[in-house]
Amino acid sequence: MALPSYASPLERTWYYSYRVICGLIFFFLVAPILVMIPLSFNAQPYFSYTTEMLTLQPEGYSLRWYEEFFNSSAWVTSIRNSVIIAFASTFLATCLGTLAALGLSRSHMPFRGLIMGLLISPMIVPLIISAAGMFFFYSQIGLAQTFPGVILAHTALGTPFVVITVTATLTGFDHTLTRASASLGAPPQTTFFKVILPLITPGVISGALFAFITSFDEVVIVLFVAGVEQRTIPREMWSGIREQISPTILAVATILVLISIALLTVLELLRRRNERMRGLSPS
Amino acid sequence: MKKLALTTTALAAGALLGVANAGDAQATDLTVVSWGGAYTESQVRAYHEPYMELNPDINIINDDSSANALAGLRAQSQAGNVTWDLVDMLPSDAQLACDEGLIMPIDHDEVLAEAPDGTPASEDFLPGSLGECFIPQIVYSTVMTFNNEMFPDDNQPNTIEDFFNVDDFPGRRAIQNRPAANLEWALYADGVAIDDIYDELETEEGVERAFAKLDTIKEHLVFWSEGAQAPQLLADKEVAFATGYNGRMFNAAEVEGQPFSIIWDGQIVEWDGWVVPEGGNNVDVVMEYLHWATDTQRLADQAKFISYGPARASSADLVGEHADLGIDMGPHMPTHPDNYQSPILLNNDFWTDYGDELRERFNNWMLQ
Amino acid sequence: MAQAQAHSGPMVTADGVPLKTSLRRAERRRKITAFMLVVPLLAFILLTFIAPIGDMLWRSVDNPAIINTLPNTVTALEDWDGEELPPEEAFAAMVEDLRVGQENRSIGQVGIRLNYEMSGARSLFSRTARNADSLEPPYKEALLDAHRRWGDVETWRLIKREGRPYTASYYLSAVDMRYADDGSVAMQPENQRIYVALFMRTLALSLAITVLTLLLGFPIAYLLATLPLRYSNLLMIMVLLPFWTSLLVRTTAWIVLLQQQGVINDLLVAVGLIGDDGRLTMMHNWIGTIVAMTHILLPFMVLPLYSVMKTIPPSYQRAARSLGANPFVAFVRVYLPQTVSGIGAGAILVFIISIGYYITPALVGGQSGQLISNLIADHMQRTLNWGLAAALGSILLGGVLILYWLYNRIVGIDNMKLG
């Protein structure tokens, strides 16, 4: 992509203006998220940069909104709820999804297309429709406004990600390894735990991460299916934004951005590890 | 296999539920549904906190879902899983819920405390405020409010007519996304006398006239749905005017120091109160709570925190100063003589009869 | 092979079973094992996800209120021709039903249901039912006295029509149509047509968002695909960070930027481009919806484009240039056609996601930025017309499934890449 030395002036102009355009687009992608972070340290209850902040005076900044966040029982409860719901649904989704992916990746799977379609449907159906259906159905069977109800709903939303990532890992999977293991006398469960699982672990973990973030970030289902006792962080943010925007919301948002950066890093490391392992395998 | 999967799911779900509830002790949790923001705050301080202090085994959880109370009651009743114990709602919605059997009829003199002088509850509550299933707490009003900073000092609005005058008073306006109050104001601003507003609205021409008046400002309108949004929009200067509940506007202006002024002209006065969902798990506990929380002193106490008038005649004399600010609450009440010059009393019978039709029409009008 | 078998008989395994049978059996066993692995999730999804969707579809046609609460009236109206007011028996049956309905408080449901079709039906039923006990025969006159609308043939036709256990009227409402007085299907009056326009607006805004994400996504995807890996990996993080950041956080960020006292307006005022009283209105209208959703969905365009562009060898373009094409022609004639599958995948993905979007338009869209999802939520929570919400939802679902089928044709489910 480097500019060749024989480029004409027109090409040169285009080359640099193209870079500038790309820079602006990247700026559009990242700037909104970054602009918000300093505002969460605003000493004033406003959403705009004060003169003190712009001149970098220490009294323009404070941690009061973080204090408010950690001292508010509603927010703290919502953290607990989010964690319970996200971990429980991630666990269920990962177990169910990994098993199914193992089945789907076998060459003998009957009705594969249809089943795959059904299994990933929670990812395709617009959330508002899923939420409406779940609201009707879960109300009738007594699951609405309960923890199991929200957990089951989030599990359903998370499984497609696990199925897809684990299936993708298994497509590069060398099946001679299981045959080798079996021929050496290992029973199926030993083969699974000692041979298959270590190899597909990166896929399982990245699927689990997707399932986790899906649940952790989900608000539409929670709006319809959850009651006041199952309020999650996004649900509190939703009513905060609709009712009174205080910089507390920005403090929460900043914490969530840090969490996503952490998740992103883990995922990137996994991807590299996976590539290394693929590189080693004989295929 | 399917059965096995079901059992496994049920077991996992059960285990999770166990985890989720492990933290709570033996206390009875009461879920009280209300409007959120400054209003819930006033109930917490006047009713919930003192009551929990007197009854340590009771734990009150607040749910800010009153804006969708009717939908929630229907869903819970249909599911046979009523999780709300007490709901704060408007009398017109309460009448509908009562007709549908979603909430319990209340024997007022049996459930409610009598006045200190022995007057039975049914006579102590202000005339016409009690409903078959409805126990009023407050009289509130929907008022027009503006942000002083949005207009020059020598040209501040002070009537409903000014709200409809976009030439002299430019800026966006926030109104609630329902027809009640808005149609009344449209006719009032169009010159209809207060006493004739509902007669006029019963005719097709009157409704046309109201919508035509609203059309003149439509491009300047923003719609809000929950009570707390109105002062927020006004404080952020997203709008110059906002309609809203007088107590929240009081709170924003006096407690938070926002530069708001209330236009008491044409204030729309209505009741608000409690209903008890049918089929709840804690009906006896709730009734005990209600007996205490709607007595003369408690209703007067709520007025220490928010500028809504108590629904009992015997509470009126007990209303004093704001608990934190120490200012006299009298002049901030919708019923204070200075403010009560030209009130419009919201006609619930009218809205029960014509509400559906007008709501539908209003929704369509908003979207067009 | 066939001849060899003819000589020695069918091939058998060590324990004497013909090889073909044994293989078939092994095959079946493997099929069963594979299937068994999938069954738990399949059962789970059917129960927790497909069943609710089915419930919603069912509700869009289910119509139990009238037939359950007014059984006598429905029976009495069976043979009525609908020309003039029904006979006395129908009125008597109605009074009977009203009494029972008032007793067990089910009459409210009828009022609510019929009110969707005829304004004022709710008060007609609740008022009459409250006094049903005091009505005396002849009931025809008693009811006509109680409320004038009992004298409208239209009221009775409506009861007869909606007395069936299933109805198409929710779907008719969802496309701005209704049953006319004579039972034929007609358009709604002009001032009540909103849903078709709203579907159109949803499609238009989604299309605008798709085009914008393509315009913004294409250049950076191209840059990412052509830069050396160590630079592109770094830049990729700038695409992935928004992708992994909470939706509500990103929406909050846009509120901070777009509101009247927000960062953009402050900046414009500070620079002197606009006056303090001329602050731009960028939120609570369709601009807010488009800007915020373009930002939120941009990664969904960049990632598929990138994964396609990554596979295009740069030598093709170089070959075109060495054969005399100028850079522009080389790009348009040689490179662009190879990215079509990526453009298709990204565009359909963004479009599918945006036509079902709810949260962002609800928070920053105001009235002119509302999409069909917002109206579904509104009917779910505020107007409580669940049948209509279900019908609108079913139509939206149908649209999404068609688009998804297209996506599957172009990309294939198995090639869906994440992150």
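On a predicted model such as this, the values are computed, not experimentally measured, just so you know.

(A) Here's a closer look at the overall build of chain A. Broken down by element type, chain A carries twelve helices and zero strands. The secondary structure elements of chain A, listed N-terminal to C-terminal, are α-α-α-α-α-α-α-α-α-α-α-α. The C-alpha radius of gyration computed for chain A amounts to 24 Å, which surpasses the reference 19 Å derived for 283 residues by more than 25%, pointing to a less compact arrangement than a globule. By sequence separation, contacts in chain A at least 24 residues apart represent 75% of the contacts at least 6 residues apart.

(B) Region of the structure containing the overall build of chain B. Per the secondary structure count, chain B includes 15 helices and ten strands. Its C-alpha atoms put chain B at 70 × 60 × 40 Å along the principal axes. By residue count, 50% of the 368 residues in chain B fall in the buried class. Taking the contacts inside chain B whose residues are at least 6 apart along the sequence as the reference set, 72% of them involve residues at least 24 apart.

(C) Region of the structure containing the interface of chain B and chain C. Across the boundary between the two partners, chain B contributes 26 residues, which contact 27 residues of chain C. Within the residue set of the side of chain B that touches chain C, elements represented by two or more residues are α1 (2–21), α3 (69–79), β6 (221–224) and α15 (348–367) of chain B. Per element, the largest residue contribution to the side of chain B that touches chain C is nine residues, and it comes from α15 of chain B. Residues that form the side of chain B that touches chain C fall into these classes: eight nonpolar, seven polar and eleven charged.

(D) Structural view of the domain arrangement of chain B. Residue and element names in this part refer to chain B. Each assigned domain of chain B is listed here: domain 1 (28–139 + 272–331) and domain 2 (140–270 + 334–367). The C-alpha centroid of domain 2 is placed 26 Å from the C-alpha centroid of domain 1. In this complex, domain 1 contributes 21 residues to the contact, which on the side of domain 2 involves 22 residues. Elements with a minimum of two residues in the side of domain 1 that touches domain 2: α2 (37–54), α4 (91–99) and β4 (135–147).

(E) Expanded view of the nonpolar core. In this structure, Ala131, Ala132, Phe135, Val220 and Val225 of chain A together with Leu392 of chain C are the most contacted members of the largest nonpolar core, which totals 166 residues. Ranked by the residues each element gives to this core, the list is headed by helix α15 (residues 286–309) of chain C, at 15 residues. No fewer than three residues from each of domain 1 (2–55) and domain 3 (195–415) of chain C sit in this core. Here Leu392 of chain C is in contact with Ala174, Tyr195, Ile372, Leu375 and Ile376 of chain C, once residues within four sequence places are set aside.

(F) Structural detail: the UniProt feature "transmembrane region" (unreviewed entry) in chain A. All names here are of chain A. As annotated in UniProt, the feature "transmembrane region" (unreviewed entry) corresponds to residues 20–41, 83–102, 114–138, 150–174, 195–228 and 248–270 in the numbering used here. Within residues 20–41, the helical portion is 91% and the strand portion 0%, while the C-alpha atoms at the span's ends are 31 Å from each other. Its end C-alpha atoms 38 Å apart, residues 150–174 is made of 88% helix and 0% strand.

(G) Region of interest: the interface of chain C and chain A. The interface is formed by 72 residues belonging to chain C together with 75 residues belonging to chain A. The dominant element in the side of chain C that touches chain A, judged by the number of residues it contributes, is helix α2 (residues 19–59) of chain C, at 21 residues. Residues of the side of chain C that touches chain A, tallied by class, amount to 53 nonpolar, twelve polar and seven charged.

(H) Broad picture of the pairing of strand β1 (residues 28–33) of chain B. Residues and elements named next belong to chain B. Note: β1 against strand β2 (residues 58–63), six bridges, orientation parallel. In the sheet register, Thr28 faces β2, and the bridge partner there is Ile58. In the classification by handedness, the crossover that spans β1, the intervening α2 and the parallel β2 is right-handed. Note: β1 against strand β3 (residues 86–89), two bridges, orientation parallel. What sits directly across from Val33, in β3, is Val87.

(I) View of the environment of Pro116 of chain B. Residues and elements named next belong to chain B. Its place among the elements puts Pro116 in the loop between α5 (108–111) and α6 (121–124). Considering only alpha carbons, one finds Pro116 and Ile262, 146 residues apart in sequence, at a separation of 35 Å. Among residues more than four places away in sequence, those in contact with Pro116 are Thr296 and Ser314.

(J) Structural view of the packing of helix α4 (residues 73–104) of chain A against helix α11 (residues 233–242) of chain A. All names here are of chain A. Between α4 and α11, the shortest axis-to-axis distance is 7 Å and the interhelical angle comes to 140 degrees. By the criterion of interaxial angle, the relationship of α4 to α11 is oblique. For the pair α4 and α11, the contacting residues are Ala74, Trp75, Ser78, Ile79 and Ser82 in the first and Ile233, Arg235 and Glu236 in the second. Here the contact of α4 with α11 is composed, by residue class, of four nonpolar, two polar and two charged.

(K) A look at the pairing of strand β7 (residues 241–245) of chain B. Residues and elements named next belong to chain B. In terms of burial, β7 is a largely internal element, five of the five residues being buried. With five bridges joining them, β4 and β7 adopt antiparallel strand pairing. Its bridge partner lying in β7, Phe146 is registered against Phe241. In the sheet, strand β5 (residues 173–176) pairs with β7 via two bridges, with the strands oriented parallel. Note that in β7 the partner of Arg173 across the bridge is Phe241.

(L) Structural detail: the confidence of the model for chain B. Residues and elements named next belong to chain B. Of all residues in chain B, 93% attain a pLDDT of 70 or more, and the chain-wide mean is 87. Counted against residues more than four places away or in other chains, residues 1–25, with its pLDDT under 50, gives 20 contacts. In the predicted complex, the global pTM is 0.85; the interface-specific ipTM is 0.87.

(M) Examining the packing of helix α7 (residues 147–171) of chain A against helix α9 (residues 188–216) of chain A more closely. Residues and elements named next belong to chain A. Viewed as axis vectors pointing N to C, α7 and α9 meet at an angle of 155 degrees, and their least axial separation amounts to 8 Å. Comparing the axis directions of α7 and α9 gives the class roughly antiparallel. In the packing of α7 onto α9, the handedness of the crossing is right-handed. In this structure, α7 contributes His154, Leu157, Gly158, Phe161, Val162, Thr165, Val166, Ala168, Thr169 and Leu170 to the contact, and α9 contributes Ile200, Pro202, Gly203, Val204, Ser206, Gly207, Ala208, Phe210, Ala211, Thr214 and Ser215. Across the contact of α7 with α9, the residue classes break down as twelve nonpolar, nine polar and no charged.

(N) Broad picture of unusual backbone geometry. All names here are of chain C. The omega torsion of the bond from Pro137 to Pro138 falls at -5 degrees, within 30 degrees of zero and hence cis. By the secondary structure assignment, Pro138 is in the loop between α7 (121–130) and α8 (139–146). Unlike most non-glycine residues, Arg105 shows phi in positive territory, near 55 degrees. Mapped onto the elements of the fold, Arg105 is located in the loop between α5 (88–103) and α6 (107–115). Looking at Arg105, the number of C-beta atoms within 10 Å reads 16, which means it is partly exposed.

(O) Main features of helix α13 (residues 247–258) of chain C. All names here are of chain C. With twelve residues, α13 extends 16 Å between its outermost C-alpha atoms, agreeing within 8% with the 16 Å of an ideal straight helix rising 1.5 Å per residue. When you tally the buried positions in α13, you get eleven out of twelve residues, the bulk of the element. Taken as a whole, α13 has its buried residues at Leu248, Val249, Arg250, Thr251, Thr252, Ala253, Trp254, Ile255, Val256, Leu257 and Leu258.

(P) The arrangement of helix α12 (residues 246–255) of chain B in detail. Residue and element names in this part refer to chain B. Across the ten residues of α12, eight count as buried, placing the element largely inside the fold. For α12, the set of buried residues is Asn246, Gly247, Arg248, Met249, Phe250, Asn251, Ala252 and Ala253. In this fold, the buried residues of α12 make contact with α2, β4, α11 (229–235), β7 and β8 (260–275). Gly257 sits one or two residues past α12 and shows a positive phi near 70 degrees.

(Q) Layout of the environment of Gly171 of chain B. Residues and elements named next belong to chain B. Its location among the elements puts Gly171 in the loop between α7 (160–163) and β5. When the 17 C-beta atoms within 10 Å are taken as the criterion, Gly171 is described as partly exposed. Residues Gly171 and Trp274 lie 103 residues apart in sequence; the distance between their C-alpha atoms is 37 Å. What Gly171 contacts, discounting residues up to four positions off in sequence, is Met150, Val239, Ala240 and Phe241.

(R) Fine view of the environment of Met94 of chain C. Residue and element names in this part refer to chain C. Summarising the element assignment, Met94 is placed in helix α5. Residues Met94 and Ala146, spaced 52 residues apart in sequence, show a C-alpha to C-alpha distance of 13 Å. Setting aside its immediate chain neighbours within four residues, Met94 contacts Thr73 and Leu143.

Reading the values: rules and limits
- Residues numbered from 1 in each chain as written.
- Chains lettered and ligands numbered in written order.
- Predicted model: local features only at pLDDT ≥ 70, side-chain atom pairs only at ≥ 80, totals over all residues.
- Helix = DSSP H or I, 4+ residues; strand = E, 2+ residues; numbered from the N terminus.
- Rg over C-alpha atoms; globule rule 2.2 N^0.38 Å.
- Contact = placed C-beta atoms within 7 Å.
- Buried ≥ 20, exposed ≤ 12 C-beta atoms within 10 Å, placed from the backbone.
- Nonpolar A, V, L, I, M, F, W, Y, C, P; charged D, E, K, R; others polar.
- Domains from an automatic or database assignment.
- Core = buried A, V, L, I, M, F, W, Y, C linked by C-beta atoms within 7 Å.
- UniProt positions renumbered as here; feature names shortened; annotations may be inferred.
- Pairing = 2+ DSSP bridges.
- Right-handed = clockwise from strand over helix to strand, strands pointing away.
- Axes fitted to C-alpha atoms, helices over the stretch in contact; angles between N-to-C directions.
- Parallel < 35°, antiparallel > 145°, perpendicular 65-115°, else oblique.
- pLDDT = per-residue confidence, 0-100.
- Left-handed = near helix turned anticlockwise from the far one by under 90°.
- Expected span 1.5 Å × (residues − 1).

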